[in-house]
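Descriptive analysis of the structure
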Amino acid sequence: MTADNAQKFSFIQSGLIEILGADYLQGLSLTKDDALQLKDVRRALARQFGEDAANGLLLRAGRAGFYYWMRQNAASLGWRETDFRLQPAPARTRRTLTGFLEWLNKQSAFRASLAGDAERWQVRASYLTDEGNPLECSFFLGMLQEASGWAGSGKFYPARESACQATGAAECLFEIEKKPAG
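Residues numbered from 1 in each chain as written. Predicted model: local features only at pLDDT ≥ 70, side-chain atom pairs only at ≥ 80, totals over all residues. Heavy atoms only, no water.

Focus: the overall build of the chain
A tally of helices and strands in the chain yields 8 helices and 6 strands. In sequence order, the chain lays out its α and β elements as α-α-α-β-β-α-α-α-α-β-β-α-β-β. Taking 2.2 N^0.38 as the reference for a compact globule, 182 residues should give roughly 16 Å; the C-alpha atoms of the chain span a radius of gyration of 16 Å, in line with that estimate. Projected onto its principal axes, the C-alpha positions of the chain cover 45 × 35 × 30 Å. (Helix = DSSP H or I, 4+ residues; strand = E, 2+ residues; numbered from the N terminus. Rg over C-alpha atoms; globule rule 2.2 N^0.38 Å.)

Structure representation (structure tokens):
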């Protein structure tokens, strides 16, 4: 990862530090080319705590990472404008997810698209599990979940990964419920 990309993707490290702590990350000694590699963090967490805990920790770090990403990008995406803020929650959510995915498509090696039906949003991602990609599935799922909650007026929208390239699927498929929990 170049220094420019490391800066663009600094939200990853910030999210990890918020959830795991800087001391824990430094103790892992998992940097390559001065950039933290999420896939290596995942392997270390799975070895230490098990797969379920690794997924949960990275999901939570992704949720935290979304806010760091948003601080860097919200203004350029028009998310601070009155016309965006006054849109109904479903329209805000669509615009938020679309803007987020477009940014990632431009900045990284994977491709993601948004579709939806009456019950849920669907995000299809190709190459997300490739070694050169700065993200990984659980962290990405956390970012999607937090983006939906932020755009949906702070409500919790259940999200899950229903297919993954790492387990043989043609692409990763993430689903976010359009109806908030509760």
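A few points about the side chain of S138
By the element assignment, S138 lies in helix 8 (residues 137–151). For S138, a relative accessible area of 10% puts it in the buried group. Among the polar contacts made by the side chain of S138, one reaches the side chain of R42 at a distance of 3.4 Å. Setting aside chain neighbours within four positions, we find S138 in contact with R42, N55, L58 and L59. (Buried < 20%, exposed > 50% of the residue type's maximum accessible area, 1.4 Å probe, protein only. Polar contact = N/O pair within 3.5 Å; in protein donor to acceptor, adjacent residues only side chain to side chain. Contact = heavy atoms within 4.5 Å.)

Regarding the pattern of salt bridges
Evaluated as defined, the whole model comprises 9 salt bridges. Taking the shortest distance from any N to any O, the salt bridge between R42 and E51 comes out at 3.3 Å. According to the relative accessible area criterion, E51 is partly exposed, its value standing at 48%. Of the charged contacts, one joins E136 and R42 as a salt bridge, the two residues approaching to 2.8 Å between their closest N and O atoms. Of the two residues, E136 sits in the loop between strand 4 (120–126) and helix 8 while R42 sits in helix 4 (residues 38–49), which places them 94 residues apart along the sequence. (Salt bridge = Lys/Arg side-chain N within 4 Å of Asp/Glu carboxyl O.)

Topic: the packing of helix 5 (residues 51–73) against helix 8
Angle between the axes and distance between the axes are the two parameters that describe a pair of packed helices. Look at helix 5 against helix 8: their axes get within 6 Å of each other, and the N-to-C directions meet at 50°. Taken together, the axes of helix 5 and helix 8 are oblique relative to one another. Once helix 5 is placed against helix 8, the crossing between them reads as right-handed. Here helix 5 contributes N55, L58, L59, A61, G62, R63, G65, F66, Y67, W69 and M70 to the contact with helix 8, which in turn contributes S138, F139, L141, G142, M143, Q145, E146, A147 and W150. (Axes fitted to C-alpha atoms, helices over the stretch in contact; angles between N-to-C directions. Parallel < 35°, antiparallel > 145°, perpendicular 65-115°, else oblique. Left-handed = near helix turned anticlockwise from the far one by under 90°.)

Focus: the packing of helix 7 (residues 89–107) against helix 8
Across the interface, helix 7 lies against helix 8 with an axial gap of 8 Å and an inter-helix angle of 145°. Our pair here, helix 7 against helix 8, has a crossing hand that is right-handed. Contacts from A89, R92, T93, T96, L97, F100, L101 and L104 of helix 7 reach helix 8 at F140, M143, L144, A147, S148, W150 and A151. Taken together, the residues that form the contact of helix 7 with helix 8 break down as 11 nonpolar, 3 polar and 1 charged. (Nonpolar A, V, L, I, M, F, W, Y, C, P; charged D, E, K, R; others polar.)

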